[in-house]
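Overview (structure and organization)
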Amino acid sequence: MFYAISAAENLLIFGADVCNAFSEAPAPKQGFYIQPDRAFCEWWVHQGQPPIPEGYVIPVMRAMQGHPESPRLWEKWCDKMIKTHQFTPTTHEPCLYMGIWHGEKCYFKRQVDDFEFAAPTTNLAHMFYDAIDDHLTMPIKRQGMVTLFNGIDVQQTRHYIKISAETYIEKMGSKYLELWHKEVPLTAERPLPIPTHETFLKTFNSAVGDDDPETVSALQQKYHFGYRNGVGELIYAMVTCRPDISTVTVKCAQHSANPAEIHFQAVKHAIKYLVATRKDGIYYWRASPRMDLPDHPPPVCATALHGQLPPNVKRHQHDSLQLHAYADSDWATCTKTRRSFSGTIIQLAGGTIAYKTKLQPTVALSSTEAEFMAACDTAAQLVTGDQGIDSVDELRNLDDDKASNLCRVLRHPGGTNAAGAADPGTKVSARAEDNLKPAIYYVKHQDRVSRAVNVGEITLTNVRKLIKQRDTERNHTDPDTPPMIDSKDWPKTMEAVEEYLRQFRGVNDVPLSYVVRIALAPKPVLTDPATNYLTLDEEMIARAPILVPGTAGVIADLEVNGPFTESFMTDRTTAWDKIAVLFQNHEAWTYAKPARRTRNGRAGFFGVYNHFLGPNNVDHMASKAERRLRDVNYHGEKRNWTFEKYHKSDAHEALSLLFQRDGVPPACIVDGSLEQVKGEFRRKLKEASCRLKQTEPYSPWQNAAEGNIRELKKGAGRKMIKSGSPKKLWDDCLVLESYIRSNTAHDIYMLHGEVPETIMSGETSDISQFCEFEWYEWVKFRDSAVQFPEDSLVLGRYLGPSIDVGPALTAKILKQNGEVVHRSTYRGLTPEEIVNPVDQAAMKSFNESIEVKLGPKASIDDFKDLGIDEPPILDRYEDDDLDGRMPDPPDEELDATPEVGDSYVNTEVMLSRGDRMARGKVVRRKRDAEGNPIGRANNNPILDTRQYEVQFADGEVTELTANAIAEAMFAQCDEDGNEYVLFDSFVDFRRDGTALSLADQKVVVKGRPSLRRTTVGWLLCCQWKDGSTSWEKLSDLKESHPVQTAEYAVAQGLTMSQHSIDKKNGNTFWADAIAKEMKNVRVAFKILDDGERPPPGFQFIRCHMIFDIKMEDFRRKARLVAGGHVTDVPPTITYSSVVGRETVRIALTLAALNDLEVKVADIMNAYVTAPTEEKIWTILGPEFGDDQGKKAVIVRALYGLKSAGASFRHHLADCMKHLGYTPCLADPDLWMKPEVRPDDGVAYYAYILCYVDDILSIAHNAEDVLRRLDKYFMLKPGSLGDPDIYLGAKLKKMKLPNGVEAWAMSPARYVHQTR
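Just so it is clear, the model here is predicted, and its values are computed rather than measured.

Below, the discussion takes up the sheet that holds strand β35 (residues 1099-1100). Taken in spatial order, the four strands make up an open sheet running β34-β40-β39-β35, and their pairing is mixed. Every other strand in the sheet has two partners, leaving β34 (1085-1087) and β35 as the edge strands with one partner each. As judged from the three bridges shared by strand β39 (residues 1176-1179) and strand β40 (residues 1191-1194), these two strands associate in the antiparallel manner. In the sheet register, Trp1177 faces β40, and the bridge partner there is Val1193.

One can describe the packing of helix α8 (residues 227-241) onto helix α9 (residues 246-253) by two numbers: an axis separation of 10 Å at closest approach and a directional angle of 150°. In this view, α8 runs roughly antiparallel relative to α9, as classed from their interaxial angle. Handedness of the α8/α9 crossing: left-handed. Residues Tyr227, Val231, Leu234, Ile235 and Met238 of α8 lie in contact with α9, whose contacting residues are Ser246, Thr249, Cys252 and Ala253. Among the residues forming the contact of α8 with α9, the class breakdown is seven nonpolar, two polar and no charged.

We now examine the side chain of Arg602. Along the polypeptide, Arg602 turns up in helix α22 (residues 601-612). Side-chain polar atoms of Arg602 contact the backbone oxygen of Arg517, separated by 2.7 Å. Within polar-contact distance, the side chain of Arg602 engages the backbone oxygen of Ile518 at 3.1 Å. Leaving out residues up to four positions away in the same chain, Arg602 has contacts with Val515, Val516, Arg517, Ile518, Leu520, Ile546, Glu559 and Phe568.

Right, let's get into the sheet that holds strand β47 (residues 1301-1306). Sheet architecture is open: three strands sit in the order β45-β46-β47, paired in antiparallel fashion. Of all the strands in the sheet, the pair left with one neighbour each is β45 (1285-1286) and β47. As defined by bridge partners, β45 adjoins strand β46 (residues 1289-1295) across two bridges and the pair is classed as antiparallel. Note on β46: the bridge partner recorded for Ile1285 is Lys1290. Against the sheet, helix α39 (residues 1141-1153) makes contact with β45, β46 and β47, and its axis sits at roughly 160° relative to β47, the strand it touches most.

Before going further, it helps to spend a moment on the packing of aromatic side chains. Taken as a whole and judged by the stated rule, the model has 46 aromatic pairs. With centroids separated by 5.6 Å and ring planes inclined at 45°, the aromatic side chains of Phe40 and Trp43 adopt a geometry described as tilted. Of this pair, Phe40 and Trp43 both sit in helix α2 (residues 38-46), three residues apart, which is roughly one turn of that helix. Summarising the aromatic geometry, the rings of Phe989 and Tyr1048 are spaced 6.4 Å apart at their centres and angled 75° between planes, so their arrangement reads as edge-to-face. With Phe989 in strand β29 (residues 983-991) and Tyr1048 in helix α36 (residues 1042-1051), this pair connects stretches of sequence that are 59 residues apart. The rings of Phe87, Tyr97, Trp101, Phe108, Phe115, Phe117, Phe128 and Tyr129 are connected pair by pair, giving a single aromatic cluster. The ring of Tyr948 carries the charged tip of Arg925 above its face, separated from the ring centre by 5.8 Å.

Moving on to the nonpolar core. Phe1085, Leu1198, Leu1249, Ile1258 and Tyr1286 are the most contacted members of the largest nonpolar core, which totals 66 residues. Setting aside residues no more than four positions away along its own chain, Tyr1286 makes contact with Val1139, Val1144, Val1160, Leu1249, Cys1250, Tyr1251, Asp1254, Ile1255, Leu1256 and Leu1291. Of all hydrophobic cores here, the second largest spans 55 residues; its members include Phe2, Ala4, Tyr176 and Leu348.

Taking burial as the measure, the six residues of strand β1 (residues 12-17) include six buried ones, the bulk of the element. The side-chain alternation of β1 yields two buried faces, one formed by Leu12, Phe14 and Ala16 and the other by Ile13, Gly15 and Asp17. With six bridges joining them, β1 and strand β7 (residues 114-119) adopt antiparallel strand pairing. Bridge pairing links Gly15 to Glu116 in β7. As judged from the four bridges shared by β1 and strand β8 (residues 141-145), these two strands associate in the antiparallel manner. Of the residues in β8, the one forming a bridge with Ala16 is Arg142.

The next subject is the environment of His263. Mapped onto the secondary structure, His263 falls in helix α10 (residues 261-276). In the structure, His263 is positioned 54 residues away from Gly209 in sequence and 8.7 Å away in space, judged by C-alpha atoms. In this structure, His263 is in contact with Phe204, Ala207, Tyr227 and His255, ignoring residues within four places of it in sequence. In this structure the side chain of His263 is engaged in a polar contact, spanning 3.2 Å, whose partner is the backbone oxygen of Phe204.

Moving on: the side chain of Asp114. With respect to the secondary-structure elements, Asp114 resides in strand β7. We note that Asp114 is buried and unpaired, the nearest opposite charge coming from Lys141 at a distance of 9.2 Å. Beyond its immediate chain neighbours, meaning those up to four positions away, Asp114 contacts Ala16, Asp17, Lys109, Phe149 and Asn150.

Looking now at the pairing of strand β6 (residues 104-111). Examined bridge by bridge, strand β5 (residues 96-101) and β6 share six bridges and lie antiparallel to one another. Across the sheet, the residue bridging to Trp101 is Glu104, located in β6. Connecting β5 to the antiparallel partner β6 that follows it, the hairpin turn spans two residues, and His102 within it adopts a positive phi of roughly 55°. Counting the residues that bridge the hairpin from β6 to β7 gives two residues, and of these Val112 lies at a positive phi of roughly 60°.

Closest axis-to-axis distance for the helix α20 (residues 566-583)/α22 pair is 6 Å, and the angle between their directions is 40°. In terms of orientation, α20 lies oblique with respect to α22. In this structure, α20 uses Phe568, Arg572, Ala575, Trp576, Ile579 and Phe583 to contact α22, whose residues at the interface are Gly601, Arg602, Gly604, Phe605 and Val608. Broken down by class, the residue content of the contact of α20 with α22 amounts to seven nonpolar, two polar and two charged.

Turning next to the confidence of the model for the chain. Parts of the prediction with low pLDDT should not have their coordinates interpreted in detail. For the chain, the mean per-residue pLDDT works out to 79, and 83% of the residues sit at or above 70. Within the model, pLDDT remains below 50 along residues 629-645, and this stretch shows 18 contacts once partners closer than five positions in the same chain are excluded.

It is worth spelling out the pattern of salt bridges at this point. Counted by the stated rule, this structure contains 42 salt bridges. Among the ionic pairs, Arg1119 bridges to Glu1077, the shortest N-O distance being 3.8 Å. Taken as a pair, Arg1119 in strand β37 (residues 1115-1122) and Glu1077 in helix α38 (residues 1069-1081) lie far apart in primary sequence, 42 residues in all. Under the relative-accessibility criterion, Arg1119 is labelled buried at 16%. On the basis of relative accessible area, Glu1077 is assigned to the buried category, the value being 4%. Among the charged side chains, a salt-bridge network with shared partners connects Lys780, Arg827, Glu833 and Asp839.

All right, on to helix α14 (residues 430-448) then. Given a rise of 1.5 Å per residue, 19 residues ought to cover 27 Å, and the 28 Å separating the end C-alpha atoms of α14 matches this to within 8%. Of all the residues in α14, the buried ones are Glu433, Lys437, Pro438, Ala439, Ile440, Tyr441, Tyr442, Val443, His445, Gln446 and Arg448. Once α14 ends, the next one or two residues include Ser450, with phi positive near 55°.

Cut-off values and rules
- Residues numbered from 1 in each chain as written.
- Predicted model: local features only at pLDDT ≥ 70, side-chain atom pairs only at ≥ 80, totals over all residues.
- Heavy atoms only, no water.
- Pairing = 2+ DSSP bridges.
- Helix = DSSP H or I, 4+ residues; strand = E, 2+ residues; numbered from the N terminus.
- Axes fitted to C-alpha atoms, helices over the stretch in contact; angles between N-to-C directions.
- Parallel < 35°, antiparallel > 145°, perpendicular 65-115°, else oblique.
- Left-handed = near helix turned anticlockwise from the far one by under 90°.
- Contact = heavy atoms within 4.5 Å.
- Nonpolar A, V, L, I, M, F, W, Y, C, P; charged D, E, K, R; others polar.
- Polar contact = N/O pair within 3.5 Å; in protein donor to acceptor, adjacent residues only side chain to side chain.
- Phe/Tyr/Trp six-rings, centres within 6.5 Å; stacked < 30°, edge-to-face > 60°.
- Lys NZ or Arg CZ within 6 Å of the ring centre and 35° of its normal.
- Core = buried A, V, L, I, M, F, W, Y, C linked by side-chain atoms within 4.5 Å.
- Buried < 20%, exposed > 50% of the residue type's maximum accessible area, 1.4 Å probe, protein only.
- Lys, Arg positive; Asp, Glu negative; His and termini not counted.
- Salt bridge = Lys/Arg side-chain N within 4 Å of Asp/Glu carboxyl O.
- pLDDT = per-residue confidence, 0-100.
- Expected span 1.5 Å × (residues − 1).

Encoded structure:
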């Protein structure tokens, strides 16, 4: 673009180079030192400086090469230097500057230390570089008119400026052409970047290289270049000034991971093309000829295909100041993803300034859609290159009605065109009109959140995200109910006022609460992305513009004088109207009223806030506290007390205490005071790797600790009021309340039902030291200062635990003289001591002394600001004794509940007797020595004290309480009151007359014999835990107790082994099945020698036989399986090949359309053919004959292993790839291979479908394919043939009425089996 603008405005370009550029920039703020080597020391002495002692280091005063911050420091310093000469960087490219230099419009471009300056004359360029020299310590190297800049050849002529990569290509060509024996693909016509014949392109797009490194290395040796090196060299030429190789470069780069040979050929061809066309470049045509420059002939192309100029044309006829864009697409070229390629070229001054070839992000369903996607991408890039100023401004000035009018005018403009015919207008669809309206809203919304409008981001996806917000704003209604003003809780009140304002909308539909936010200007865009906010309203409140963009100055001045945006000035007036209504009948009106004259809602809000919650209130309370602490009166005598004065700068000491006691939190949230964001406090946080997070000024609600502090104050206040403790003990009470809240469960999700102390420490909270005594409770402790004969146990008041003093359970105790001591030996007062007149007199004297020493007891009036009206009244438990006295005994002895109508008498209940359960009967109430029943009844079984005598069947009588009887009854009944018993064992079995004999079980269905399986007529005798027995149906027990039923059947000999069955039947069916299985499966075991141990790390599992009878022909089936349930789940997939039913239907359709054979086969012992991926061993069973009892390592994927399916799948995939098949992207269990039908030469794909061990082949020679597969996997004899059943469905080839052959799938057999 720099060269295009220079040509369009008829400028000359001059180059320069800065010597030691980085050393011109200042050193990093954090100083660094280097240890000079011997060469530096010798040079230093040669300069006449004193020698540097060995081992010394010297400070570095400038940015130097090698330091990671040097590039950034040079960038910043250079940018500042250029801006001092009134040059400003462009929006889209910060390294391209534009400015007025001595009355002429000039351009400046920098790339690290290389400069280019475009000016109308040579003198202006020299004057500019002279000005640059004034900032540098070493003079700049001036290169005159640019001919080579960072690998780009620049030719400045009378009619145009040409850029090319001729020098770079010649250097590259000399390297490769020598290796390729000077092969240059020059033909009669101009060469192309890539061969265009269909066969080459089709193979190029679909070829997949071998990922074997040896194969790639062989190709590199054959073509004498590394593939990635070749592609990299093409990319450099492409991005500099050769857009003609964009497509081939991008496509070749896609195969960098595993290139095929045809991709090497494409790269080689492209390099040869560059060498043949090395003089080609991009021409930017001047607005008018510069006669002071040499004249060069216009470019000549080899063919008319590339726009050769007519012989009589000396200049390219082109509007130099008009952008032209071209777009094209290559539909569905990517064979892997079926996505299309987009190509974009934008021209200025007749030459290309921007070009791009990329894979489209989504699949286009038609070539038209692909063309539109390419055009859309080009338009976005075009608008970006043009800065989009006019387009965006026009969008800002539109609304929905104006957008509809605009589209209507475009459709029917009226008038005539240049040919004199009626102007047909522009086709604008209704959908385009509907998309234009949210795009307008998007642009306006970006302005509302102080973010620059990036035209490239005005996409349908981004725009449609705002449709819901737009509809919400259109349907917005203002609130009807104002918030309540609570003078006792100003933080809550101000938060409610802000939330109230949030429910109103300003002139730009921004929530009105943005007017009263703390910060005048939003945060920088780079550090405050939209993802920081949960909702769009929150983002608008935080980022809506208050000040005019670009305003800077002192905050205090900006608060008063601005300058403010027009929307804010309107909105703050609206905010004033709302605030005035809220505060005008309240004491807060005094502090809001000063803003009435200007109707400034922001000033009115912060007037109230600063008085009650801001610095004014803090200073007032601090001075009041200082005056109270300065003078304290004792018995009428005035004394001056000296208090240890803590400064705000000591806040870091509390931070150290927090780190020592509780550890370092991940973040520390503070309110922004200087003592917390600077100095020792900040240093300690940094050393501890604790992130410092600061809330906005005057926003205490942003810190969760503020709410907890308020609750702590309330809790401590209630304790002091209730106990009558002096106000001066507030700090000790606050500490105790903090510990209590830390060890109390709260309704906070993050605690997960635990108390905060447990979460913080990771250990179960110990509440022993907090639950024994209340705040300010009377205690007696041993005072060592008391001398004989006085009692060493003296009265005191409990003030909470001593965390850092003494052993566990040490407490802080207040003495009568007002001193606080720490004691581990103390106790509460007994009930007798509480009512003892002597102790009561001592307590009264204690209280009087404390009142004199520490002041009167706390009252509700002392905590008005906290909103404490009265201590909460809690429900009392029956055994509560708030006064410390035992409950009075009842006036009269209560009689025991009589036995008449007792619901427990005569009930039967199951009770535990030793190791078994027994049924007992409640016979009577237990009586005392005088014959009276013991205990009283209560509706609550826990409080029922009655006792009973329970008699068991053997005559034994035991005594139980009503509570124990009720618990046993509830435990043996369900929620409906039905009794249930627990199973113990089976004791017998029988069959009744309805049971079928073996002969009755054999039936014939549809002419085929089968066995009828039923449990009708079989009963088992169950013994229950209570000792009772009952006969139950086998059909019920096999469902409720399947394991116990099977174990009983085996124990009673109701089942037979396979060998026994063969012996009884006089045949060897099961023995033959076992022998057949063992013949096939023995390869899965590596039998170890006697005494040889399994390898380390191998896990032992058991193997066993499972049996089945195939009902279609009564064939016996045996299978040896491993106990894979005891092994760990592999980290990779564990399933085998399972082709989808949709894939089968599609494949059969293709087979019918292409008249292909369809054959099926079954792999014998499929899993055993694959090596196992697990480390396991076993002990061989009796089925191994003479090897029984030996140890063996399992080396094949035996059935039952968790990884067996995946092992077979990988093994089968390797075979498929070896046979030339590749998996389908849509279904990896469908393998396909390009084939050619020999009879007619039609190209098609052959398919193999895999469902575990069932294989279906589709090809013109499908049977030959399966026989070839039989060489790698042994197929079951007789399984290869035409398909009959596949995936449970009946397959049949049939002819339709129109004579077309097709394949049919039917579930008829499955439906028949389920009847």
